[in-house]
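Structure at a glance
Next come the chains, spelled out residue by residue.
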Amino acid sequence: MGLLDTILGRSKPVCPDLDQLFALPSAALTLQAGAGFAPTGLGSVCFAGVEGGGFARIRQDVQDLLDADSERAGSPVEFTTDSYGYTWLLVRQAPDDTAGLVNDLHAVNTLLQDGGFGPQLLCSLLGFRDGEQRPLALVYLYKRGTFYPFAPLPGSTEKRDNQRELQVRAVLGEDLRMEQDLARWFPVWGAPGL
């Protein structure tokens, strides 16, 4: 950062810190105790569409890594593409194994980052439901190194429960590095794992 950057109001971009994901298991306990949301055992990673042999190799590495867990039932990972052209990687674990799910999400992000696809990483999310089966996601913004809650209203198309999101932010304020700029609380409509 130089003097000119300071005068023009430019700031140095935040470096992603994937280790922030490891705060999610304790945050999940806080969220369950403070707001009644329990983990679903579903999480996902979103990245901009990537093609080519390098990505095919990384994709196979991710599949092989998560398939190595022989105790897991069913397919541990699914790749999908949404209507905006973003690729989503859905990871499954038992709902009571948030730590295992976070380890999987961290491993996927790390493989993509180390494979040279870090600039394409957008976000990771961890899914929750309350007693009334209302969905909630804790979203990690890769390029900002921060989290925010996303609470779509059940049964509606593209409407969110802003009050619940603010409540969750208040509950988790001490557990996670929360995104302060509410304009960056991007909706992730139809995200796998939500």
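Shown above is the structure to which this text applies.
A short tour of the structure in this document, coming up. (Residues numbered from 1 in each chain as written. Predicted model: local features only at pLDDT ≥ 70, side-chain atom pairs only at ≥ 80, totals over all residues. Heavy atoms only, no water.)

1. Section: the packing of helix H2 (residues 24–35) against helix H4 (residues 98–117)
When two helices pack together, their arrangement is given by the angle between the helix axes and the distance between those axes. Between H2 and H4, the shortest axis-to-axis distance is 9 Å and the interhelical angle comes to 140 degrees. In this view, H2 runs oblique relative to H4, as classed from their interaxial angle. Like other packed secondary-structure pairs, H2 and H4 cross with a definite hand, here right-handed. Residues Leu-24, Pro-25 and Ala-28 of H2 form the contact with H4, whose participating residues are Thr-98, Ala-99 and Val-102. (Axes fitted to C-alpha atoms, helices over the stretch in contact; angles between N-to-C directions. Helix = DSSP H or I, 4+ residues; strand = E, 2+ residues; numbered from the N terminus. Parallel < 35°, antiparallel > 145°, perpendicular 65-115°, else oblique. Left-handed = near helix turned anticlockwise from the far one by under 90°. Contact = heavy atoms within 4.5 Å.)

2. Re the packing of aromatic side chains
On inspection of all chains with the given rule, the structure shows three aromatic pairs. Consider the rings of Phe-150 and Trp-189, whose centres lie 5.1 Å apart with planes at 75 degrees: the pair is edge-to-face. Separated by 39 residues along the polypeptide, Phe-150 in strand E6 (residues 146–150) and Trp-189 in the segment after helix H5 (162–172) bring together distant segments of the chain. Look at Phe-150 and you get buried, because its relative accessible area is 0%. (Phe/Tyr/Trp six-rings, centres within 6.5 Å; stacked < 30°, edge-to-face > 60°. Buried < 20%, exposed > 50% of the residue type's maximum accessible area, 1.4 Å probe, protein only.)

3. Quick notes on the pattern of salt bridges
It is possible for side chains bearing opposite charge to pair when their charged atoms get close. Applying the stated criterion across every chain, the model contains seven salt bridges. For Glu-132, the salt bridge identified is with Arg-134, shortest N-O distance 3.9 Å. We classify Arg-134 as partly exposed; its relative accessible area is 22%. Arg-160 is paired through a salt bridge with Glu-165; the nearest N and O atoms lie 3.0 Å apart. For the pair Arg-160 and Glu-165, a shared accessibility class is recorded, and that class is buried. Three or more residues are tied together by salt bridges with common partners; here these are Asp-130, Glu-132 and Arg-134. (Salt bridge = Lys/Arg side-chain N within 4 Å of Asp/Glu carboxyl O.)

4. Comments concerning the sheet that holds strand E1 (residues 38–48)
Taken together, the six strands give an open sheet; going across it, the order is E2-E3-E1-E4-E5-E6, and neighbouring strands pair in antiparallel fashion. At either end of the open sheet lies a strand with only one pairing partner, and these are strand E2 (77–81) and E6. Strand-to-strand twist of the sheet, defined as the mean angle between neighbouring strand axes without regard to direction, takes the value 20 degrees. As judged from the five bridges shared by E2 and strand E3 (residues 86–92), these two strands associate in the antiparallel manner. In the sheet register, Phe-79 faces E3, and the bridge partner there is Leu-89. Sheet strands in contact with H4 are E1, E3 and strand E4 (121–129), and its direction is about 5 degrees off that of E1. (Pairing = 2+ DSSP bridges.)

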